[in-house]
Amino acid sequence: MTHVFVYGTLKRGQPNYFRMMDRGNGKAQFCGSARTVDRFPLVIAGRYNIPFLLNVPGKGQQVKGEVYCVDAQMLKFLDEFEGCPHMYQRIPVKLEVEEWVGGDGPASGPKPAAKSIIEAFVYSTTTYQPEWLNLPYFDNYDAHGDHGLVYVDRESRD
Ligand code: PCA
């Protein structure tokens, strides 16, 4: 099992959450909520209003998200779905745990204490357009937020 930190459309209540819950794609189990130790610019960019965590540590805000324990099949699915390594790159990131429910079974590992630091993979990008650094930075993505930048589903794009 691998820990993946999701901060965008894969979170609960967000447009691509169902893809992680689809057992046909593999297994993903919610482990807890967390935020990045480092600050990162989280922007909503492009004509489809896609959230991107720009790989520029130290700029922006600490980003909130959810940690999932995923199996090899789900990790492969997510890499393909996220256009990794072209659109996003999956890199390790340090997280402050906010709430931890853990997984089940020994493979899920020991339970970290609240506010402890863990490492997980995140889909971040270095292959962004430079002007994206001038977009507003968010700390907690919501596709339905006040920003009005409604996410365009993969299936609805032209
Ligand atoms: N999906 C991934 C990266 C951005 C996105 O929308 C995530 O939720 O973490």
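Data block above holds the structure.
Residues numbered from 1 in each chain as written. Predicted model: local features only at pLDDT ≥ 70, side-chain atom pairs only at ≥ 80, totals over all residues. Heavy atoms only, no water.

*Asks:* Teacher, can you tell me more about the overall build of the protein here?
*Replies:* Secondary structure assignment for the protein yields two helices and seven strands. Along the protein, helices and strands appear, N-terminal first, in the series β-α-β-β-β-β-α-β-β. Over its C-alpha trace the protein gives a radius of gyration of 15 Å, about what one expects of a compact globule, namely 15 Å for 158 residues. Judged by the C-alpha coordinates and their principal axes, the protein covers about 45 × 35 × 30 Å. Across the 158 residues of the protein, 46% fall into the buried class. Of the contacts formed within the protein by residues at least 6 apart in sequence, a portion of 78% connects residues at least 24 apart. Accessible area of the protein: about 7900 Å², with a carbon and sulfur share of 53%. Averaging the locations of the 17 positively and 19 negatively charged side chains of the protein gives two centres separated by 3 Å. (Helix = DSSP H or I, 4+ residues; strand = E, 2+ residues; numbered from the N terminus. Rg over C-alpha atoms; globule rule 2.2 N^0.38 Å. Buried < 20%, exposed > 50% of the residue type's maximum accessible area, 1.4 Å probe, protein only. Contact = heavy atoms within 4.5 Å. Areas by Shrake-Rupley, 256 points an atom, 1.4 Å probe, with all protein chains shown as cover. Lys, Arg positive; Asp, Glu negative; His and termini not counted. Charge placed at Lys NZ, Arg CZ, Asp CG, Glu CD.)

*Asks:* Explanation requested: the environment of Ala34 in the structure shown.
*Replies:* Take Ala34: it is sitting in strand β2 (residues 28-40). A residue is classified by how much of its surface remains accessible, and Ala34, at 0% relative accessible area, is buried. The residues contacting Ala34, other than those within four sequence positions of it, are Phe5, Val63, Lys64, Gly65, Val67, Leu95, Glu96, Val97 and Glu98.

*Asks:* Would you take a moment to explain the site of the ligand for this structure?
*Replies:* If you check the shell around the ligand, you find Val6, Tyr7, Gly8, Thr9, Leu10, Pro51, Glu82 and Tyr88 and nothing else. Interatomic distance of 3.0 Å between a backbone N/O atom of Tyr7 and an oxygen atom of the ligand. Within the backbone of Gly8, a nitrogen or oxygen atom sits 2.9 Å from an oxygen atom of the ligand. Judged by its atoms lying within 2 Å of the grid points, the ligand is housed in the largest cavity. Of the residues contributing to the shell around the ligand, the split by class is five nonpolar, two polar and one charged. (Near = heavy atom within 4 Å. Polar contact = N/O pair within 3.5 Å; in protein donor to acceptor, adjacent residues only side chain to side chain. 1 Å grid on protein atoms, 1.4 Å probe; cavity = no way out; pocket = protein on both sides within 12 Å on 5 of 7 lines; lining within 4 Å. Sits in = over half its atoms within 2 Å of the grid points. Nonpolar A, V, L, I, M, F, W, Y, C, P; charged D, E, K, R; others polar.)

*Asks:* Before we go on, may I ask you to explain empty space enclosed by the protein in this structure?
*Replies:* To find leftover empty space, a probe the size of one water molecule is rolled over the atoms. Evaluation of the coordinates by the stated rule reveals one cavity of 30 Å³ or more. Roughly 170 Å³ of volume is contained in the largest cavity. Lining the largest cavity we find 17 residues, and of these Thr9, Leu10, Pro51, Glu82 and Tyr88 sit closest to its centre. For the lining of the largest cavity, the class distribution of residues is 11 nonpolar, three polar and three charged. (Points joined across faces, edges and corners; volume = space filled by probe spheres on them.)

*Asks:* Would you mind going over the pattern of salt bridges with me for this structure?
*Replies:* For side chains bearing opposite charge, pairing can occur when the charged atoms are close. Under the definition given, this model contains nine salt bridges. Salt-bridge contacts for Lys64 lead to Glu98; the nearest nitrogen and oxygen are separated by 3.4 Å. Of this pair, Lys64 sits in strand β5 (residues 61-70) while Glu98 sits in strand β6 (residues 89-100), and the two are 34 residues apart along the sequence. For the salt bridge of Arg90 with Asp79, the shortest nitrogen-to-oxygen distance reads 2.8 Å. Residue Arg90 is found in strand β6, and its partner Asp79 is found in helix α2 (residues 72-81); the two are separated by 11 residues along the sequence. Overall, Asp79 belongs to the buried group, its relative accessible area being 17%. Among the charged side chains, a salt-bridge network with shared partners connects Arg35, Lys64, Glu96 and Glu98. (Salt bridge = Lys/Arg side-chain N within 4 Å of Asp/Glu carboxyl O.)

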